[in-house]
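Here are the chains, one letter per residue:
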Amino acid sequence: MAFEGLADRLQSTMKKITGKGKVSEQDVKEMTREVRLALLEADVNFKVVKDLIKRIKERAVGQEVMESLTPGQQVIKVVKEELSELMGGEQSKIAASDRPPTVIMMAGLQGAGKTTTSGKLANHLRKKHNRSPLLVAADVYRPAAIDQLETVGQQLDMPVFAKGTDANPVDIAREAVEQAKAEHHDYVIIDTAGRLHVDENLMDELKQIKAAVNPDETFLVVDAMTGQDAVNVAESFNQQLEISGVVLTKLDGDTRGGAALSIKAVTDKPIKFAGMGEKLDQLEPFHPEGMASRILG
Ligand code: GDP
């Protein structure tokens with residue numbers, strides 16, 4: 001399970017401080033030292049850890065703790081709040097355009113889980129929000145990618161717009177939006193091509209698709225298991241494509257959690273959903289507060 005190591009370490013650190021009727025500067029120093037090591041070991045970005053520890057320290061020796069009747073618990077509350085804030089604070093919602101269809105563009109490296117997540121998101125929108133999405137196969141480089149999305153569409157009993165591998169992805173995206181309008185779909189989810197690494201051709205194509213359909217959301221799908229690489233990928237996609245949010249996949253695996261804890265701080269873009277398995281109903285809105293509580297117990 002994700003975050004297990006981090007959760008164990010932080011919880012044992014917090015246990016030491018929880019019952020304290022008085023929290024000294026030395027206590028805070030020891031606590032933040034342990035939190036710092038635990039976060040670094042969980043593969044959280046170095047600079048992110050540094051800033052976070054600074055904020056926790058300031059607050060933990062501040063008035064709210066000193067004047068509290070239960071200073072130990074107050075310190076833990078501070079750590080929880082800061083962890084939650086780090087991951088994005090309040091959970092942000094998915095866009096809904098006043099002039100449907102709402103267009104969502106999915107981007108990411110090959111294997112991150114883009115196609116699966118496109119299906120999961122369509123399923124989520126239909127099930128939880130009563131929407132009628134159109135899935136769009138705009139990865140024309142791998143015939144298998146189109147087949148895969150069509151299979152997902154069949155599993156969900158949901159339409160897929162595809163034009164084979166000869167069409168231009170920009171035209172596909174544009175035509176799909178037109179078709180969605182004509183057929184009264186209120187969401188369009190465009191599954192774009194990925195590559196093994198961030199490269200210029202890929203970015204150019206994604207920029208062109210983005211310019212052609214002006215999406216309401218541009219989601220980057222990243223694999224949580226890839227740790228700091230996920231953070232670097234998010235940073236470069238955000239710089240070049242200006243993403244609006246992140247979907248973190250494979251959080252059901254035994255990831256150390258560094259990506260989840262660093263992406264918002266590094267890109268300033270929220271993690272909106274978490275992939276929790278291979279099945280099409282295993283997508284969850286990402287709740288920073290809930291996640292912080294889970295980690296701290
Ligand atoms: P794409 O190349 O980015 O379109 O990636 P795919 O959608 O084909 O997914 C790559 C692999 O990751 C597939 O085997 C998926 O079943 C798997 N996958 C995607 N999301 C998740 C997830 O949240 N958890 C797990 N365990 N596997 C996932």
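Residues numbered from 1 in each chain as written. Predicted model: local features only at pLDDT ≥ 70, side-chain atom pairs only at ≥ 80, totals over all residues. Heavy atoms only, no water.

As annotated in an unreviewed UniProt entry, the protein chain carries the name Signal recognition particle protein and comes from Lentibacillus salinarum. Checking UniProt for the protein chain, the heading Subunit (unreviewed entry) contains the comment "Part of the signal recognition particle protein translocation system, which is composed of SRP and FtsY." Its UniProt record gives the protein chain a comment under Catalytic activity (unreviewed entry), which states: "GTP + H2O = GDP + phosphate + H(+)". (UniProt positions renumbered as here; feature names shortened; annotations may be inferred.)

Caption draft 1: Focus on the environment of Thr151. By the secondary structure assignment, Thr151 is in helix α7 (residues 143–156). Here Thr151 falls in the partly exposed class, since its relative accessible area comes to 38%. With 32 residues separating them along the chain, Thr151 and Gly119 place their C-alpha atoms 9.7 Å apart. (Helix = DSSP H or I, 4+ residues; strand = E, 2+ residues; numbered from the N terminus. Buried < 20%, exposed > 50% of the residue type's maximum accessible area, 1.4 Å probe, protein only.)

Caption draft 2: Up close: the pairing of strand β6 (residues 245–249). β6 sits mainly inside the fold: 5 of its 5 residues count as buried. Burial along β6 is two-sided: the face carrying Gly245, Val247 and Thr249 and the face carrying Val246 and Leu248 are both buried. Note: strand β5 (residues 217–223) against β6, 5 bridges, orientation parallel. By the bridge assignment, Asp223 is partnered in β6 with Thr249. After leaving β5, the chain enters helix α10 (residues 228–241) and then returns to the sheet as β6, a path that is right-handed. (Pairing = 2+ DSSP bridges. Right-handed = clockwise from strand over helix to strand, strands pointing away.)

Caption draft 3: Spatial organisation of the packing of helix α6 (residues 114–129) against α7. At a closest axis distance of 9 Å, the pairing of α6 and α7 adopts a crossing angle of 25 degrees. By the criterion of interaxial angle, the relationship of α6 to α7 is roughly parallel. As α6 runs across α7, the sense of the crossing is right-handed. Residue-level contacts link Thr115, Thr116, Ser118, Gly119, Asn123 and Arg126 of α6 to Gln148, Leu149, Val152 and Leu156 of α7. Tallied by class, residues from the contact of α6 with α7 come to 3 nonpolar, 6 polar and 1 charged. (Axes fitted to C-alpha atoms, helices over the stretch in contact; angles between N-to-C directions. Parallel < 35°, antiparallel > 145°, perpendicular 65-115°, else oblique. Left-handed = near helix turned anticlockwise from the far one by under 90°. Contact = heavy atoms within 4.5 Å. Nonpolar A, V, L, I, M, F, W, Y, C, P; charged D, E, K, R; others polar.)

Caption draft 4: Structural view of the site of the ligand. Near the ligand lie 18 residues; those nearest to it are Gly111, Lys114, Thr116, Asp252 and Glu278. Within the backbone of Lys250, an N or O atom sits 3.0 Å from an oxygen atom of the ligand. Contact distances for the ligand include 2.8 Å between a nitrogen atom and a side-chain N or O atom of Asp252. Per-element tally for the shell around the ligand: the top contributor is α6, with 4 residues. Of the residues belonging to the shell around the ligand, the class tally is 3 nonpolar, 9 polar and 6 charged. (Near = heavy atom within 4 Å. Polar contact = N/O pair within 3.5 Å; in protein donor to acceptor, adjacent residues only side chain to side chain.)

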